[in-house]
Amino acid sequence: MSDAYLQLDKLTLAYGDTVAVKDLDLSIARGELVALLGPSGCGKTTTMRAIAGLLNPASGRINLDGADITRVSANKRAVGLVFQSYALFPHLTVYENVAFGLRLKGLRGQDLDSKVNAGIRSVGLAKFAGRKPGELSGGQQQRVALARSMVMEPKVLLLDEPLSNLDARLRLEMRAELQRVQKETGVTMIFVTHDQAEALALADRIIVMLNGGIEQIGTPEEIYNNPISSFVADFVGFENVFALKDGKLATANGAIALSTPAPDVAAGLAWRPRAVILGSGPFQGTVRGTSFAGNSREYLLDSALGPIKAEVDAALPQHELGSTIAFDLPVDAAANLKRFG
Ligand SMILES: Nc1ncnc2c1ncn2[C@@H]1O[C@H](COP(=O)(O)OP(=O)(O)OP(=O)(O)O)[C@@H](O)[C@H]1O
Ligand SMILES: [Mg+2]
């Protein structure tokens, strides 16, 4: 990509003999907010550590803002890193925590004071500048960690699951806060999460990682609507995912034909529960479970295809447990998967 600001070239990362990330290629534009999404152990933190300079690549290169930084030490990279655990100094005030890195850089007096105060203000903590971390809530501590990184004016800010220690409400608040700070400052951000809703809500682009490689890169809409593989489909909530064999669904009961032919180009098809048609169609399902979810109701059906998850408007008449319903998996409402397994 010609407008790459941060570029990873065939990056391979290992711990001793264990290869954690293999041949990773990635281009990120200046000012982008990118989410790294993937299951535990897929290599997200490892990739972050390499970009930050905390792990030397086994092979490959890292370029940032036109310079090769592969062998540049961590403290000379202008890369900020915010962890899940805020790693604040407990004995220092908010002010001193935020000032710490700037002092190391040699800032003093008025220059230091105005930068620290601006940083603390930007995350809404002006009133708490004199407090110590132990006198703050989790969300406030996370803001201190964010301010402490931002005052260093990093070229790239890496956030490794920064919200996972917060409760649901604070998470939403901090999500909005992060987005605001990023838009206001224009800092390039890579945000690690294994929460797909968080990635969809925050990111300009999502990188889905699996087994030390990239499975798919796309906008939230692309990832949500057009998962490339059965893995991504599963990960973003398509509950009904099937391999195709000779244009039919491959099931435990053999190949089963759909009501219209499946496209040749796909290795599999996937339907969100919403896309399943209940009440008509060529298939029969027995209701094994039902759950009310406010506007909608979810059904778990047993069928010749295997278990099927369907979701319909809660205002529709309810189907009883044990009853049999006709259903359809319409081909035109399915995501076409290019890879299966
Ligand atoms: N210090 C280490 N020594 C050896 N292997 C490691 C080390 N750190 C991580 N690994 C291995 O490297 C792989 C990638 O780990 P990594 O921490 O990057 O995963 P992750 O995607 O961040 O997972 P999580 O979502 O659980 O944080 C895993 O298989 C892990 O066991
Ligand atoms: Mg991790």
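Residues numbered from 1 in each chain as written. Chains lettered and ligands numbered in written order. Predicted model: local features only at pLDDT ≥ 70, side-chain atom pairs only at ≥ 80, totals over all residues. Heavy atoms only, no water.

1. Regarding the overall build of the protein chain
- Broken down by element type, the protein chain carries 8 helices and 19 strands.
- Viewed in the frame of its principal axes, the protein chain has a C-alpha envelope of about 75 × 45 × 35 Å.
- Counting only residues that meet the buried cut, the protein chain has 49% of its 341 residues in that class.
- Within the protein chain, contacts between residues at least 6 apart in sequence are counted, and of these 64% link residues at least 24 apart.
- For the protein chain, the exposed area adds up to about 15,900 Å²; of that, 51% sits on carbon and sulfur atoms.
- The distance from the centre of the 35 positive side-chain charges to the centre of the 36 negative ones in the protein chain is 7 Å. (Helix = DSSP H or I, 4+ residues; strand = E, 2+ residues; numbered from the N terminus. Buried < 20%, exposed > 50% of the residue type's maximum accessible area, 1.4 Å probe, protein only. Contact = heavy atoms within 4.5 Å. Areas by Shrake-Rupley, 256 points an atom, 1.4 Å probe, with all protein chains shown as cover. Lys, Arg positive; Asp, Glu negative; His and termini not counted. Charge placed at Lys NZ, Arg CZ, Asp CG, Glu CD.)

2. Details of the domain arrangement of the protein chain
- Assigned domains within the protein chain: domain 1 (4-231) and domain 2 (232-337).
- Tallying the contact residues gives 16 residues for domain 1 and 12 residues for domain 2.
- Note on domain 1 versus domain 2: buried area summed over both sides is about 1,100 Å², and carbon and sulfur give 66% of it.
- Summed over the shared surface of domain 1 and domain 2, the result is 0 salt bridges.
- Breaking the side of domain 1 that touches domain 2 down by element, the ones donating at least two residues are β10 (213-218), α7 (220-225) and α8 (230-235).
- Examining the composition of the side of domain 1 that touches domain 2, we find that 3 residues originate from one element, α7, more than from any other. (Domains from an automatic or database assignment. Buried area = accessible area lost by both parts, 1.4 Å probe. Salt bridge = Lys/Arg side-chain N within 4 Å of Asp/Glu carboxyl O.)

3. Some details on the packing of helix α4 (residues 138-150) against helix α5 (residues 168-185)
- Contact geometry for α4 and α5: axes closest at 11 Å, N-to-C directions at 15°. Here α4 lies roughly parallel to α5, going by the angle between them. As for the relative orientation of α4 and α5, their crossing is right-handed in sense. Touching G139, Q142, R143, L146 and M150 of α4 are L170, E173, M174, E177, L178, V181 and T185, all from α5.
- Among the residues making up the contact of α4 with α5, the classes are represented as 6 nonpolar, 3 polar and 3 charged. (Axes fitted to C-alpha atoms, helices over the stretch in contact; angles between N-to-C directions. Parallel < 35°, antiparallel > 145°, perpendicular 65-115°, else oblique. Left-handed = near helix turned anticlockwise from the far one by under 90°. Nonpolar A, V, L, I, M, F, W, Y, C, P; charged D, E, K, R; others polar.)

4. Considering the site of ligand 1
- The immediate surroundings of ligand 1 are formed by Y15, A20, P39, S40, G41, C42, G43, K44, T45, T46, E161 and H194.
- Within the backbone of G41, an N or O atom sits 2.8 Å from an oxygen atom of ligand 1.
- Residue H194 places a side-chain N or O atom 3.4 Å away from an oxygen atom belonging to ligand 1.
- When ligand 1 sits alone it has 640 Å² of accessible area, and the protein chains cover 58% of it.
- For the shell around ligand 1, the element with the most residues is helix α1 (residues 44-52), which contributes 3 residues. (Near = heavy atom within 4 Å. Polar contact = N/O pair within 3.5 Å; in protein donor to acceptor, adjacent residues only side chain to side chain.)

5. Things to note about the sheet that holds strand β12 (residues 248-251)
- One open sheet accounts for 5 strands, arranged β13-β12-β11-β14-β19; its pairing is antiparallel. Looking at strand neighbours, the two that pair on one side only are β13 (254-256) and β19 (335-337), the edges of this open sheet. Across the sheet, the mean angle from the axis of one strand to that of its neighbour is 40°, orientation sign disregarded.
- In this structure, β12 lies alongside β13, joined through 3 bridges in antiparallel fashion. Paired with A250 across the two strands is A255, which belongs to β13. (Pairing = 2+ DSSP bridges.)

6. Topic: the packing of aromatic side chains
- Summed over all chains, the structure comprises 4 aromatic pairs.
- On the numbers, 5.4 Å between centres and 25° between planes, the contact of F231 with F235 is stacked. Of this pair, F231 and F235 both sit in helix α8, 4 residues apart, which is roughly one turn of that helix.
- Ring plane angle 70° and centroid distance 6.1 Å describe the contact between F242 and W271, whose orientation is recorded as edge-to-face. Residue F242 is located in strand β11 (residues 240-245), and its partner W271 is located in strand β14 (residues 268-271); the two are separated by 29 residues in the primary sequence.
- Look at F242 and you get buried, because its relative accessible area is 7%.
- Above the plane of the ring of Y224 lies R272, whose end atom (NZ or CZ) is 3.6 Å from the centre. (Phe/Tyr/Trp six-rings, centres within 6.5 Å; stacked < 30°, edge-to-face > 60°. Lys NZ or Arg CZ within 6 Å of the ring centre and 35° of its normal.)

7. What to know about the layout of surface pockets
- Considered as a void within the structure, the largest pocket measures approximately 730 Å³ in volume.
- Lining the largest pocket are 20 residues, and of these N75, V79, G80, L81 and M152 lie nearest its centre.
- Of all elements in the fold, only β6 (79-82), α2 (94-104) and α4 reach the threshold of two or more residues within the lining of the largest pocket.
- The class makeup of the residues in the lining of the largest pocket is 12 nonpolar, 4 polar and 4 charged.
- The space that makes up the second largest pocket amounts to roughly 280 Å³.
- Surrounding the second largest pocket, 17 residues form its lining, M150, E153, P154, T185 and V187 being those nearest its centre. (1 Å grid on protein atoms, 1.4 Å probe; cavity = no way out; pocket = protein on both sides within 12 Å on 5 of 7 lines; lining within 4 Å. Points joined across faces, edges and corners; volume = space filled by probe spheres on them.)

8. Regarding the side chain of E198
- For E198, the location among the structural elements is in helix α6 (residues 196-202).
- Among the polar contacts listed, one links the side chain of E198 to the side chain of T193, at a separation of 3.3 Å.
- Every residue in contact with E198, bar those within four places of it in the chain, is listed here: L163, R171, R175, F191 and T193.

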